[in-house]
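# Reading the structure
Each chain, letter by letter, is given below.
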Amino acid sequence: MKRIFVLALVSLGACLCARGQRLPDTVVPESYDLTFAPDLNKATFSGTETIHVRLLKRTSTVTLNAAELEFQEAGISARGATQAATFAFDPGKEQATLTVAKELAAGPAEIRIRFTGILNDKLRGFYLSKSERRNYAVTQFENTDARRAFPSFDEPAFKAVFNITLVVDKGDTAISNGKIVSDTPGPGDGKHTLKFSPSPKMSSYLVAMLVGDFVCREGGADGIPIRVCSLPEKKEMTGFALEASENILKFYDKYYAIKYPYGKLDHIVFPDFAAGAMENVAAITYRDSFLLIDEKTASYDSKQNVANTIAHEMAHQWFGDLVTMQWWNDIWLNEGFATWMAWKPLEAWKPDWNMQQQEIGETLGALGADSLPSVRTIRANAETPADIAALFDGIAYGKAASVLRMVEAYVGPEVFQKGVNAYLEKHKYANATAGDFWNQITETSSKPVDQIMKSFTEQPGAPLVSLKSECKGDKTEVNLTQERYVSDAAKMEAGYDQIWPIPVSLLPSATKQPIYHLLTKKEETFEVPGCSAWVYGNAGGRGYYRTSYDPAEFARMAKDVESTFSPEERVRVPSDAWALVRVGRMKIGDYLNLLQKMQAERSREVVLSMIAHIPEIHDHFVSAADRPAFEEWVRDFLRPIAADLGNAPVAGEPAERQALRGDVFGMLARYGRDPELIATARATADQYMKDPQSVNPELAGKALTISAMNGDTALYDQFVAHLKTAKTPEEYGFYLQALGFFPEKTLAKRTFDLFLGPDVKNQDLYALAFPVVNYETQSEAWELFKTDFPAILKKVDAPDAVYLAQLAGVFCDAGLRDDSQKFFAEQNLPGTKRILQNAQDQVNACIQVRDLQQKNLSAYLER
Ligand SMILES: [Zn+2]
């Protein structure tokens, strides 16, 4: 699955009482015969199923998962005899138990159930999706919602074959995991019956069913038919996705050494989708903004997000779908792997996208999330649906991917690939654990990967490696020490009793040849060849750790950064420096000086790393009195870069440079308050409202947000009107975000009312975070959030309660911190305990940086 991480206010659990409990392992499903007849107008469905199971011991009861279903009839057959079964539900455990009068012997048996359910509006299970024209029936089962569509053994280890039949209206079609093998009229007038080929052996959370008037753009690669299916009116925006998918499939067929195993591949997009996308076997589903691209207006980032999402979900077809984690505690391996892998096919398809630089950006994001004192470990236990949902976070995706990236670089990409292939071959159509994976890589590489992976997945946080070097004759003595880095100066100085085996990749200035040193102790001293003036501690930039240096050595190195370091290494330099600023080990003035020294930089990912912290310095760390001086510093810093980039794209300019122009423009106007650019933004916004195609896509979204920040009620009204008539998901998203950034406090109230009303879909409620993040309306918006909380809960409702509580982390103020902690604690949302601790750490860290650095910043700005 691909999650939305924009402070995703996604959803909340329907049954706050849910206490997941694992099923007994004495009944094992082999296959399901399932027939569904959804009624799209009444929003209901009826179903019949036969589950072919093996009973591992004598029993008169069978327990399976079922939630929000009604059973009309149930029976169990074994050894030629059929018995009616009584049924009892346990809604708290989301289970149903069937009981027969006469005990059943061990061996094969068949469970038959007739049932009915509701096509809900909560974006999970079998649910209703709506366009302006009509209704659709669609599914989203990960993590634990197949049980809302049919009685099932709804745990990942219970793999089975699914034989699906759908009875649908005459003018409609249906899509599922298999191909349509028969299409017959009836039963009754106005219906036809579609039977799908048997699925491979797979977990229940990967079943998909979609019913409506979908139309598909058809293509293929390596003999596999590929379709991108959408509502008819969206078909013109599916071409980019098809092209991406064809290229990605060819890459994976080679990389995995197992050809795409499911015979066909469909990508389906429809309105109303809680996550970003979902890797159902051979029937991947998407929210509109994660698949649809209007080639005439789409921005560089929007295209990349779509391509990356497709690559992520397709990576899961092997890693996750073909081989599945034994239990949810190893979901990180699914998600981390897909996140790590997704860059590779795009590097091959679009070399000018410089994906290898963005990978390092992902590592930096993960290190940021991993710096909270209360952060969880990658591997974590979870039993209830809410706790399982809470595992789909930045640690499972970004940290896991980053650790894999470090290990891949350490053992070498070819060796790593061989290990992956052996692992998939060994466990295909079955389940595996994280241990199975790293033991395989250890065996293939003959390096202690198991120790490294275990220590990075079972310990929280990440190390800071401090490095000192001294030339001694024709050699250089290197001293390395490690400590856990946390964004809390006092805790950092007190120290943690944690040690990782770290594959440190060193770059000595004398040889410029990277060499690995496996640091296994708190401190080690050793020699490397050549007399070096400095030794950089993260050659290639792929290490999952930060580095710091003796100031004199850092000064020598800083001079050579531009000429010697690769972009992947340069991305890390400002980021590692900022980490030291956060804990008071570097003065913020020295950090800003470092940025100025890097002013000649034009690689987009490096520039993004350089400007990454300007927003928080501007909004939170600088005093109100000094803010104008800081805005002046931003103008001095960025204007030369903007001047070099020019006002408009020139013919043949790489897309990356165009996107960079947008980034610098946005920063200058927003945090430099450059009056000329604010005027340009407004003119661009006006033009965009008239004709989106006439505006440079890299400037459009930023121009709308900046105009909002300087806008009035009249402009607000215009944006609301354009939100309602937006033609593409990206255009819609631009207006949705911009509405959260008007400074006028009464407009925050209108934004809440709008977002909670019928014009904004449940799936887009994450946008409520924008007016709370906007520091000008923050306290008012937070009050609105509290008042409207019952309405928010009513509108969104899924097992992801957890994401709401993330909002408690956006503040930088003790009063709002305590108030938000108290508020969420009172709501008692399941699965949120750790999220709230993380949020508290986040706010504390922000307050601490301000306390540590505000005076330094003031002194620096006065110079
Ligand atoms: Zn995923």
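Residues numbered from 1 in each chain as written. Predicted model: local features only at pLDDT ≥ 70, side-chain atom pairs only at ≥ 80, totals over all residues. Heavy atoms only, no water.

### Brief notes about the state of the cysteines
What counts here: Disulfides are defined as cysteine sulfur pairs within 2.5 Å. Counting from the N terminus, the helices are the DSSP runs of H or I reaching at least four residues and the strands are the DSSP runs of E reaching at least two. Here the term buried applies to any residue with accessible area under 20% of the maximum for its type, exposed to any over 50%, and partly exposed to those in between, with areas from a 1.4 Å probe on protein chains only.
Across all of its chains, the model carries three disulfides by this definition. Between the sulfur of Cys 216 and that of Cys 229 lies a disulfide, 2.2 Å long from S to S. Classification of the bridge connecting Cys 216 and Cys 229 rests on its S-S torsion, roughly 105°, and on that basis the disulfide is right-handed. Highlighted residues: Cys 216 in strand 16 (residues 215–221) and Cys 229 in strand 17 (residues 224–230), separated in sequence by 13 residues. You'll find Cys 216 and Cys 229 in the same group, each marked buried.

### Considerations on the coordination of the zinc ion
Four donors placed tetrahedrally around a metal ideally meet at 109.5 degrees, and six donors placed octahedrally ideally meet at 90 or 180 degrees. What counts, and what does not: For Na, K and Ca the donor cut-off is 3.2 Å; for every other metal, N, O and S atoms count as donors within 2.8 Å. Water does not enter the count, which can leave sites looking incomplete.
Looking at the zinc ion, one finds its protein donor set to be Met 1 (N), Met 1 (O), His 312 (NE2), His 316 (NE2) and Glu 335 (OE), positioned 2.0 to 2.4 Å from the metal centre. Along the chain, the residues donating to the zinc ion fall in the pattern M-x310-H-x3-H-x18-E. Pair noted here: Met 1 is in the segment before strand 1 (27–39) and His 312 is in helix 2 (residues 300–318), with a separation of 311 residues, a long-range link. A relative accessible area of 1% places Met 1 in the buried class.

### Some words on the nonpolar core
The condition is simple: Think of a nonpolar core as a cluster: buried Ala, Val, Leu, Ile, Met, Phe, Trp, Tyr and Cys residues, connected wherever their side-chain atoms sit within 4.5 Å. In this description, contact between two residues means that some pair of their heavy atoms is separated by no more than 4.5 Å.
Core analysis: the largest hydrophobic core is formed by 301 residues, its most contacted members being Phe 150, Phe 153, Tyr 256 and Phe 824. Considering each element in turn, this core owes the most residues, eleven residues, to helix 7 (residues 394–411). Once residues within four sequence positions are removed from consideration, Phe 824 is found in contact with Trp 782, Phe 785, Phe 789, Leu 804, Ala 805, Leu 807, Ala 808, Leu 829 and Leu 836.

### Considering the environment of Gly 461
Tracing the backbone shows Gly 461 in the loop between helix 10 (449–458) and strand 23 (462–472). Owing to a relative accessible area of 0%, Gly 461 belongs among the buried residues under this scheme. Sequence-wise, Gly 461 and Val 375 are 86 residues apart; in three dimensions their C-alpha atoms are separated by 6.7 Å. Sequence-distant contacts of Gly 461, defined by excluding residues within four places in its chain, comprise Asp 370, Val 375, Lys 399, Arg 484 and Trp 500.

### Focus: the confidence of the model for the chain
Threshold: The predictor attaches a confidence to each residue, and that confidence, scored 0 to 100, is pLDDT.
Overall, the predicted model of the chain reaches an average pLDDT of 94, with 97% of residues at or above 70. Within the model, pLDDT remains below 50 along residues 6–19, and this stretch shows 57 contacts once partners closer than five positions in the same chain are excluded.

### Describing unusual backbone geometry
The omega angle of the peptide bond from Glu 142 to Asn 143 is 15°, so this bond is cis rather than trans. Tracing the sequence through the fold places Asn 143 in the loop between strand 10 (135–140) and strand 11 (161–169). With omega at 5°, the peptide bond leading from Gly 186 into Pro 187 counts as cis. By secondary structure assignment, the location of Pro 187 is in the loop between strand 13 (180–185) and strand 14 (191–196). One non-glycine residue, Glu 68, lies in the positive phi region at around 55°. Relative to the assigned elements, Glu 68 resides in the loop between strand 3 (59–65) and strand 4 (69–78). You can call Glu 68 partly exposed: its relative accessible area is 48%.

### With respect to the pairing of strand 11
Consecutive residues of a regular strand have side chains that alternate between opposite faces of the sheet. Filter applied, for reference: In this description, strands pair whenever DSSP reports at least two bridges between them.
In terms of burial, strand 11 is largely enclosed, as seven of its nine residues are buried. Where strand 1 meets strand 11, six bridges bridge the pair, whose relative direction is parallel. Bridge assignment links Tyr 32 to a residue of strand 11, and that residue is Phe 162.

### Quick look at the pairing of strand 13
As paired strands, strand 13 and strand 14 are joined by five bridges and run antiparallel to one another. Among the inter-strand pairings, Ile 180 is bridged to a residue of strand 14, identified as Phe 196. Here strand 13 hands over to strand 14 after five residues, with Gly 186 in that stretch at a positive phi of 85°.

### A word on the environment of Thr 777
The condition is simple: N or O atoms within 3.5 Å of each other form a polar contact, as long as, within protein, one can give a hydrogen and the other can take it, and as long as residues adjacent in sequence are counted only when both atoms are side-chain atoms.
Residue placement: Thr 777 occurs in the loop between helix 24 (769–773) and helix 25 (778–787). According to the relative accessible area criterion, Thr 777 is buried, its value standing at 0%. For the pair formed by Thr 777 and Glu 744, sequence separation is 33 residues and the distance between their alpha carbons is 7.5 Å. Look past the residues within four positions of Thr 777 in its chain and what remains in contact with it is Phe 742, Pro 743, Glu 744, Lys 745, Ala 748 and Pro 771. A polar atom in the side chain of Thr 777 sits 2.9 Å from the backbone oxygen of Pro 771.

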